[in-house]
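Results of the structural survey
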Amino acid sequence: LGSRVPVNIEAIHLLWDELSDFEAGQSPMAAAHLMTALCEATGAWNATWAGAIRLGDVAPADPLQGWRVAAMQALHPVQPHPDEQHFKEIMQVWDRREIDPSFLLPMQNVGTFRTYSFRRELPEDWFETPFYRRHYGSVGTHDAIFVAFPLNADCESHFGFYSGKTFTDEEIAQLVHALRGIKWFHRHLMLGHGLIMAS
């Protein structure tokens, strides 16, 4: 997305200031505050944060190159689940290496700051698959956009946002700008879950 896409810089800077006011032990509350603000700014109905790590001794045939989701936080539970079980079920499929095309999106340009999304990058017929219908369509997710922030070669912080409509360029630009400028916060989340020292 080019610099011509408008971004509400003042609102983002205010959000960054608010994040810095949270205490060190309040990272889940701070993450929820961040996700709430960005959902309101983009019309997303839900958001997640995931801490990803790359394990050693990767099998050469592993299409996910050893990456695992080691920690997760959802802004809102997806009914009828009382907690993050809806999203954890997706991660269990990931861990079993039952590869869905959506799992390959975060592997593109891994190790760089990047975004990836369903409606922009997956073929139309994917939205007719049982996987999409069960995990996304059935709960009202039409589109999802993810922002990935690498902290070292083996640790990445990923925020995901879920909407009942296709995200616009302006909404994606707002998410990118808000999450690009807070490496300290991504690092704080990973440290809080004991993940930053992964090798």
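In what follows, the accompanying structure is described. Just so it is clear, the model here is predicted, and its values are computed rather than measured. Position numbers for residues start from 1 in each chain and track the written sequence from start to end. Note on the predicted model: pLDDT of at least 70 is required for a residue's local features to be given, and 80 or more for side-chain atom pairs to be given and counted; whole-chain, interface and lining totals, by contrast, use all residues. Side-chain figures throughout are based on the complete set of non-hydrogen atoms in the structure, without hydrogens or water.

Brief notes about the side chain of R114
Our working definition: Secondary structure is summarised from DSSP: a helix means a run of H or I of at least four residues, a strand means a run of E of at least two, and numbering begins at the N terminus for each. Working rule for contacts: check all heavy atoms of both residues, and any pair within 4.5 Å makes them a contact.
Mapped onto the elements, R114 comes out in strand 3 (residues 114-117). Sequence-distant contacts of R114, that is, excluding residues within four places in its chain, are made with P106, Q108, N109, F146, V147, A148, E156 and H158.

Comments concerning the sheet that holds strand 1 (residues 46-54)
The pairing of strands in a sheet happens through backbone hydrogen bonds and is either parallel or antiparallel. Short version of the rule: Only when DSSP finds a minimum of two bridges between them are two strands counted as paired. For every element, the axis is a line fit to its C-alpha atoms; helices are fit only across the contacting stretch, and the angle between N-to-C directions ranges from 0 to 180 degrees.
Spatial ordering of the open sheet is given by 2-1-5-4-3, a layout of 5 strands whose pairing is antiparallel. Only two strands of the sheet have a single neighbouring strand rather than two, namely strand 2 (67-74) and strand 3. Adjacent strand axes in the sheet meet at a mean angle of 25°, parallel and antiparallel pairs treated alike. In the sheet, strand 3 pairs with strand 4 (residues 143-152) via 4 bridges, with the strands oriented antiparallel. Looking at strand 4, one finds that Y116 is bridged to F146. Relative to the sheet, helix 6 (residues 169-180) contacts strand 3, strand 4 and strand 5 (155-163), its axis offset from that of strand 4 by approximately 20°. Strands strand 1, strand 4 and strand 5 of the sheet are contacted by helix 7 (residues 183-192), whose axis makes an angle of about 100° with strand 5.

Some words on helix 2 (residues 27-42)
To keep things clear, this is the line we draw: Expected span of a helix: the number of residues minus one, times 1.5 Å. Note on classification: 1.4 Å probe, protein chains only; a residue is buried when its accessible area is under 20% of the maximum for its type, exposed when over 50%, partly exposed between these limits. Taken from the helix axis, the directions to the C-beta atoms give the arc we talk about.
Over its 16 residues, helix 2 runs 22 Å from end to end, which matches the ideal 22 Å to within 8%, given 1.5 Å per residue. Among the residues of helix 2, S27, A30, A31, L34, M35, L38, C39 and T42 are the ones counted as buried. Along the axis of helix 2, the buried residues cluster in a sector spanning 165°; they form a single face. Packing partners of the buried residues in helix 2 comprise helix 1 (9-20), strand 1, strand 2, strand 5, helix 6 and helix 7.

Some thoughts on the nonpolar core
Among soluble globular proteins, nonpolar side chains are generally buried collectively. Stated formally: The set of buried Ala, Val, Leu, Ile, Met, Phe, Trp, Tyr and Cys residues whose side-chain atoms join them within 4.5 Å is what this entry labels a nonpolar core.
Core analysis: the largest hydrophobic core is formed by 34 residues, its most contacted members being L34, L38, F159, F161, L179 and F185. Those elements giving two or more residues to this core turn out to be helix 1, helix 2, strand 1, strand 4, strand 5, helix 6 and helix 7. Here this core gets 6 residues from one element, more than from any other, and that element is helix 2. Discounting residues that sit within four places of it in the chain, L38 has contacts with L15, F161, L175, A178 and L179.

Remember, this is a structural readout, not a statement about activity or role.
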